[in-house]
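Fold and geometry: a report
Spelled out, the chains give:
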Amino acid sequence: MNQKRKIKIGERFVGDGQPTYVIAEIGINHNGSVELAKKMIAGAATAGADAVKFQKRTPEICVPKDQWYIERDTPWGRMTYIDYRFKVEFGKDEYAEIDRFCKEHNISWFASCWDEPSVDFIEQFDVPAYKAPSASLTDIELLKKMKSTGKPLMISTGMSTMEEIEAAVNAIGQDNLLIAHATSTYPCKVEELNLRVINTLQSKYPDIPIGYSGHEVGLAPTWAAVTLGACFVERHITLDRAMWGTDQAASVEIGGLIRLISNIRDIENSLGDGIKRVYESEMSSRKKLRRIQ
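Summarised in this report is the structure supplied together with it. Just so it is clear, the structure is predicted and the values come from calculations on it, not from any experiment. (Residues numbered from 1 in each chain as written. Predicted model: local features only at pLDDT ≥ 70, side-chain atom pairs only at ≥ 80, totals over all residues. Heavy atoms only, no water.)

With that settled, consider the overall build of the chain. Within the chain, the secondary structure is distributed over eleven helices and 13 strands. Taken over 293 residues, the chain has a buried fraction of 49%. Of the contacts formed within the chain by residues at least 6 apart in sequence, a portion of 64% connects residues at least 24 apart. When the accessible surface of the chain is summed, it comes to about 14100 Å², and 50% of that surface belongs to carbon and sulfur atoms. Taken as two groups, the 37 positive and 40 negative side-chain charges of the chain have centres that lie 8 Å from each other. (Helix = DSSP H or I, 4+ residues; strand = E, 2+ residues; numbered from the N terminus. Buried < 20%, exposed > 50% of the residue type's maximum accessible area, 1.4 Å probe, protein only. Contact = heavy atoms within 4.5 Å. Areas by Shrake-Rupley, 256 points an atom, 1.4 Å probe, with all protein chains shown as cover. Lys, Arg positive; Asp, Glu negative; His and termini not counted. Charge placed at Lys NZ, Arg CZ, Asp CG, Glu CD.)

Below, the structure is given as structure tokens:
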């Protein structure tokens, strides 16, 4: 076992020999409501997740100008896309309430930052880690900005070639870095999950904790990722998969999250150490059923 492949996030070590670190991504599934976010935080804490994660954007930077004034239907009625993006962004007061609520429920929180000012914004809350979304893997300056905080950085690898992953890792260095295998389709077909890339990344980067960010419908592939050795897993969560929003259909409801984490812990306990032994509980069967000792 490679003991180098271990990083501390908050009070938890993530990596070889450690329990799987489970991230419940709220993202923007809160639809701009702190009360919805708090219900998801409470649900994630009850389920046993280690952290919840949000997404933070500066809309005027992240939304291409040719999309600003395209109108769309939203929970607040029909409005321009740029106005919608502002509607679903939490500000300082909302994140202060989220920070307080997470501490109250003994669960960590952090965010995927989509632009450099968002990193400065989130830094005021002293989060334990940062996550770079798959869309930002080639934004080296943004990756360096997050890395410069001194906090662990997770990078997601959806929609990316191996050459792009290599370029990102080479640019920012392997220290304090975690890599999540992902396929950026929402929801993703199981035949496009390609979970064995987890092992490919483990072989390529033996000193970096490798995890899995899943966007599939169902739970089995995430359990399989843990069996393949994913040190951390991330799944979008929601209160109701039928709610309005682009990520809801690829999300796990709280009941599913409870089952997901419970079975992850069973998988961890069942994998063992690989050393064949005869257990004391087997001895009566051995004595009763084996004719030749």
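Alright, that's what it looks like, and here's the rest.
This part takes up the pairing of strand β9 (residues 153-156). Alternating residues of β9 divide into Leu153 and Ile155 and Met154 and Ser156, and every residue in both groups is buried. Pairing of strand β8 (residues 130-132) with β9 involves three bridges; the strand directions are parallel. Residue Ala132 lies in a different strand from β9, and its bridge partner there is Ile155. After leaving β8, the chain enters helix α6 (residues 140-147) and then returns to the sheet as β9, a path that is right-handed. Across four bridges, the pairing between β9 and strand β10 (residues 177-182) is parallel. Residue pairing for β10: Met154 is matched across the bridge by Leu178. For the handedness criterion, the β-α-β arrangement of β9, helix α7 (residues 162-172) and β10 is classed as right-handed. (Pairing = 2+ DSSP bridges. Right-handed = clockwise from strand over helix to strand, strands pointing away.)

According to the stated counting rule, one finds 22 salt bridges in the structure shown. Measuring nitrogen to oxygen at the nearest pair gives 2.9 Å for the salt bridge that ties Glu97 to Lys38. Of this pair, Glu97 sits in helix α4 (residues 92-104) while Lys38 is found in helix α1 (residues 34-47), placing the two residues 59 residues apart along the sequence. By relative accessible area, Glu97 is classed as partly exposed at 24%. Residue Lys38 is classed as buried on the basis of its relative accessible area of 13%. Residues Arg277 and Asp273 are paired through a salt bridge, measuring 3.1 Å at the closest nitrogen-oxygen approach. Taking the relative accessible area as the measure of exposure, Arg277 reaches 32% and is therefore partly exposed. A relative accessible area of 49% places Asp273 in the partly exposed class. Ionic contacts of the salt-bridge type, sharing partners, join the residues Glu35, Lys38, Glu97, Arg100 and Glu104 into one network. (Salt bridge = Lys/Arg side-chain N within 4 Å of Asp/Glu carboxyl O.)

With that settled, consider the pairing of strand β12 (residues 232-238). Counted residue by residue, β12 has seven buried out of seven residues, so it is predominantly covered. A two-sided burial pattern is seen for β12, the buried positions comprising Phe232, Glu234, His236 and Thr238 on one face and Val233, Arg235 and Ile237 on the other. Where strand β3 (residues 21-27) and β12 come together, five bridges link them in parallel fashion. Bridged to Val22 within β12 is Val233. By the bridge criterion, three bridges tie strand β11 (residues 210-214) to β12 in an arrangement that is parallel. In the strand pairing of β12, Gly214 is matched with Arg235.

A few words on helix α5 (residues 116-123). Buried within α5 we find Ser118, Val119, Phe121 and Ile122. Around the axis of α5, the buried residues are gathered within 160° of arc, so they sit on the same side. (Arc of directions from axis to C-beta.)

Quick look at the state of the cysteines now. Formally, a disulfide is one covalent bond, and it connects the sulfur atom of one cysteine to the sulfur atom of another. Taken as a whole and judged by the stated rule, the model has zero disulfides. Its sulfur unpaired, Cys113 is 9.7 Å from the next cysteine sulfur, which belongs to Cys62. (Disulfide = S-S within 2.5 Å.)

For the pair α6 and α7, the least separation of the axes is 10 Å and the interaxial angle reads 45°. Of the possible angle classes, the one that applies to α6 and α7 is oblique. Crossing of α6 over α7 shows right-handed handedness. Residues Ile140, Leu143, Lys144 and Lys147 of α6 form the contact with α7, whose own contacting residues are Ala167, Ala168, Ala171 and Ile172. Partitioning the contact of α6 with α7 into residue classes produces six nonpolar, no polar and two charged. (Axes fitted to C-alpha atoms, helices over the stretch in contact; angles between N-to-C directions. Parallel < 35°, antiparallel > 145°, perpendicular 65-115°, else oblique. Left-handed = near helix turned anticlockwise from the far one by under 90°. Nonpolar A, V, L, I, M, F, W, Y, C, P; charged D, E, K, R; others polar.)

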